[in-house]
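# Residue-level structural notes
Here is what each chain is made of, one letter per residue.
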Amino acid sequence: YTKDPLKAEDSRYLHRGNLPWERAAERDNIATPAGAVFQRLRKLEHIREEHREFSHEADVHILDVGNKAVLGIGRNCGDEQLYAFFNFDWERHSVRLPDDAAYVDLLSGEICSNLVTVASSDFRWLLSVKQDNGKSAYE
């Protein structure tokens with residue numbers, strides 16, 4: 001990088017390698033590892049853009065889930081509640097939701113209540129479901 005006049009003054013290039021453009025071109029092909037990761041990240045970005053609970057305006061608090069392997073975070077924005085659970089263990093764990101409301105998993109669309117399982121090294125984003133005549137807003 002020191003021999004490139006556009007990069008020589010920027011020490012961030014000390015640890016940056018060249019971008020493998022052939023791998024980057026695979027991002028649109030979900031059958032490749034690069035494509036699967038890229039598409040999953042794009043889905044997460046879209047979810048975050050659609051829900052104000054991810055904004056800086058949300059009230060954020062840590063949840064006591066009674067399990068040292070799982071981090072629980074609550075995010076409130078207006079009358080909606082988002083619970084995020086992150087499993088840092090090699091085994092799956094189940095945690096109880098702090099209330100009896102129904103929640104939709106923003107990644108899978110699954111409706112959850114009471115007890116939620118989080119796979120090994122995975123996470124769940126659960127958004128409160130507004131009830132109208134006993135039906136989920138997501139049904």
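The preceding data block contains the structure.
So, here's what we can say about the structure.

### Regarding the pairing of strand E4 (residues 93-96)
- Side chains His93 and Val95 project from E4 onto a buried face, and the interleaved Ser94 and Arg96 project onto a face without burial.
- Sheet topology places E4 next to strand E7 (residues 115-118); four bridges connect them, and they run antiparallel. Following the sheet pairing, histidine 93 is matched in E7 by valine 118.

### Re the pattern of salt bridges
- Enumeration over the complete set of coordinates arrives at six salt bridges.
- Between aspartate 79 and arginine 52 there is a salt bridge, and its shortest N-O distance comes to 3.9 Å. Of the two residues, aspartate 79 sits in the loop between strand E2 (70-77) and strand E3 (80-87) while arginine 52 sits in the loop between helix H2 (33-50) and strand E1 (59-63), which places them 27 residues apart along the sequence.
- One salt bridge connects arginine 124 with glutamate 110, and the closest N-O pair in it is separated by 3.1 Å. Placement of the pair is arginine 124 in strand E8 (residues 123-128) and glutamate 110 in the loop between strand E5 (103-105) and strand E6 (111-112), with a sequence separation of 14 residues.
- The class for arginine 124 is buried, based on a relative accessible area of 11%.

Criteria and thresholds
Residues numbered from 1 in each chain as written. Predicted model: local features only at pLDDT ≥ 70, side-chain atom pairs only at ≥ 80, totals over all residues. Heavy atoms only, no water. Buried < 20%, exposed > 50% of the residue type's maximum accessible area, 1.4 Å probe, protein only. Helix = DSSP H or I, 4+ residues; strand = E, 2+ residues; numbered from the N terminus. Pairing = 2+ DSSP bridges. Salt bridge = Lys/Arg side-chain N within 4 Å of Asp/Glu carboxyl O.

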